[in-house]
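Chain and residue survey
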Amino acid sequence: MSSFGDHLRKLREQRRADDASFSVRQLAVRVGVEPSYLSKVERGQQPPPSEKTILAIAAELGEDPDVLLALAGKVSGDLQEVILRRPQLFAELIRQLKDMPDHAVLRIVREVRDGEW
Amino acid sequence: MIELKSDQLVFTFPEVHPQAKLSISFQRTLRIPDDDNTYPLPPGLGEFPLRHVDDFAESVSAQWLKRGGVMLPMYQSEAMWLNFDSEFVDGHDAAYPFAIKIAAGKQCAVSGQAWQNGLRRESQDYLVVPEQPWLDGFVVEKGLIRQFVAMPLGSGYSAEEQITGNAEYGGLQIAVCPMKRDVFERRFPKRREVGRSRSIIMSELHCKVAPDMGLAPGGMMRQEVYDDPYDFTDWQTAVSSRCFVHLCNSMVWQSITNSPPPHPAPTAKSYSQAGLPWFEYYDDSKSALNGSGVLAQLQSIAQKSAAKGEVVLPENATATPEKIVEYRTGLRQGQVREGNF
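Here goes a summary of the coordinates provided. Here the structure is a predicted model, which means the values were calculated and not measured.

1. With respect to the interface of chain A and chain B
Listed as interface residues are 17 residues of chain A and, on the opposing side, 30 residues of chain B. Surface buried jointly by chain A and chain B totals about 2,000 Å² across both partners, of which 50% is contributed by carbon and sulfur atoms. Its largest share of buried area at the contact with chain B, chain A owes to Val-112, Arg-113 and Trp-117 of chain A, together 43% of the area lost on that side. Taken together, the connections running from chain A to chain B amount to 4 salt bridges. Seen at the junction of chain A and chain B, the total is 11 residue pairs in polar contact (both at pLDDT 80 or more). In terms of residue count, the dominant contributor to the side of chain A that touches chain B is helix H4 (residues 51-61) of chain A (3 residues). Split into classes, the residues belonging to the side of chain A that touches chain B amount to 6 nonpolar, 2 polar and 9 charged.

In structure tokens, the structure reads:
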């Protein structure tokens, strides 16, 4: 699971370059975990934290929570709920979408179309 | 990208910041009297329904399909205001800033200039959110606007027709540009924003028929549109999104969508007599734009109909707003406001 830890450390270090409050110690305090634990997560010595903590980290770093959850091998609770309501349909849909280019996927989520004015 | 969610246009810019998200809703409201008075801000009576024009491709004009975007229903002489809601960014305790261009019939509602893609700082042709929570009309003078009122396109009343002499576009055009991420993070390390809302009150009344609608200048009300408090280079102008909002006559709406439009709003007089609230919004830390000379020259619907000898608006007697809710922001802690005396 080091990809989550590596990614997290990279993001945090980037933010710390401009803002000292993004040290392991201060970030850990703000998201409610022990600094030593967060440090181990970053080094891949501990598995990724709970969804709640990941969401708090995403908010602190200004990152997309779904991306961080995916890197941690998790799916957010609200998405799980959606999938569980129609598991076969969504499993099939996701398999169908996996190779589709971004613009085609965006069409499915109903982007408002701009035209010629 | 722009999505339509619960009758709101939701602009997101994940390529700039994952929480750069702006929602715009179109609020139904009462038409303020088009007389010699200036009025406070009228209430929100609920959101206009919004639909993708593509979902009604068989029923809408080829012109609408070509322009894309969304549509909403308005009665002749019905008024609207725009509500801007920028998402609060958790890590920063601030709402993400956006520069927003608003045009009616492709004439800018802030500068009065013809539509151009991109932002112009001199003279400013956009407003800044979250500093500007609402826009109710055309900016005609410093601190004064003329209300957005729907009139049939082609009848000569819309701002577009008065400025260009043509009834070509109608509708509303919106473009949104986010602040650059690094600028946002530098400017907003920590801060808390207080929510504001104008009451939502339901009511009823009457209607009329015509095809496409354009926005015409109605009665005068007190609303400041603020000078951009940031540097022009703070805006990520390379990634703006834009949307054409078609205004559909309410009767036509029913035949296109097979769903009823909302009831029209009450009159300003009956609303005031019921003791319901009007609103004033001040930001003591901001300076207001002077207003557009082009827009100041527009004739209001009442002025124009008197000149043409027509009666185009349902009667709308002078109202006396008594209950006025004041929203005031921008004072430093402990600062005492200097009033007008």
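2. Side note on the pairing of strand E17 (residues 213-222) of chain B
All names here are of chain B. Most of E17 sits out of view: 9 of its 10 residues are buried. Here strand E4 (residues 38-39) pairs with E17 via 2 bridges, running parallel. In the sheet register, Tyr-39 faces E17, and the bridge partner there is Met-221.

3. Considering the environment of Ala-103 of chain B
Tracing the chain through its elements places Ala-103 of chain B in strand E10 (residues 98-104). For Ala-103 of chain B, a relative accessible area of 1% puts it in the buried group.

4. Some remarks on the side chain of Thr-53 of chain A
All names here are of chain A. Among the secondary structure elements, Thr-53 is positioned in helix H4. Overall, Thr-53 belongs to the buried group, its relative accessible area being 11%. Non-local contacts of Thr-53, meaning those with residues more than four positions away in its chain, are made with Val-31 and Val-33.

5. Section: the pattern of salt bridges
Residues and elements named next belong to chain A. Under the definition given, this model contains 24 salt bridges over all chains. Two residues, Glu-42 and Arg-12, come together in a salt bridge whose shortest N-O distance is 2.5 Å. Here Glu-42 is found in helix H3 (residues 35-42), whereas its partner Arg-12 is found in helix H1 (residues 2-18), with 30 residues between them in sequence. For Arg-12, a relative accessible area of 3% translates into the label buried.

6. Examining the packing of aromatic side chains
Counted by the stated rule, this structure contains 17 aromatic pairs over all chains. Relative to Trp-115 of chain B, the ring of Trp-117 of chain A has its centre 5.1 Å away and its plane inclined at 55°; by these criteria the two rings are tilted. Of this pair, Trp-117 of chain A sits in the segment after helix H8 (102-108) while Trp-115 of chain B sits in the loop between strand E11 (107-108) and strand E12 (127-129), on two different chains. With respect to burial, Trp-117 of chain A and Trp-115 of chain B carry one shared label: buried. Measuring from centroid to centroid gives 6.4 Å for Tyr-126 of chain B and Phe-232 of chain B, while their planes differ by 40°, and the two rings are tilted. Taken together, the residues span a long stretch of sequence, with Tyr-126 of chain B in the loop between E11 and E12 and Phe-232 of chain B in the loop between E17 and strand E18 (241-249) at a distance of 106 residues. Three or more aromatic residues link up through ring pairs in this structure, and these residues are Phe-13, Tyr-96, Phe-98, Tyr-126, Phe-184, Phe-188, Tyr-230, Phe-232 and Trp-235 of chain B.

Thresholds applied
- Residues numbered from 1 in each chain as written.
- Chains lettered and ligands numbered in written order.
- Predicted model: local features only at pLDDT ≥ 70, side-chain atom pairs only at ≥ 80, totals over all residues.
- Heavy atoms only, no water.
- Contact = heavy atoms within 4.5 Å.
- Buried area = accessible area lost by both parts, 1.4 Å probe.
- Salt bridge = Lys/Arg side-chain N within 4 Å of Asp/Glu carboxyl O.
- Polar contact = N/O pair within 3.5 Å; in protein donor to acceptor, adjacent residues only side chain to side chain.
- Helix = DSSP H or I, 4+ residues; strand = E, 2+ residues; numbered from the N terminus.
- Nonpolar A, V, L, I, M, F, W, Y, C, P; charged D, E, K, R; others polar.
- Buried < 20%, exposed > 50% of the residue type's maximum accessible area, 1.4 Å probe, protein only.
- Pairing = 2+ DSSP bridges.
- Phe/Tyr/Trp six-rings, centres within 6.5 Å; stacked < 30°, edge-to-face > 60°.

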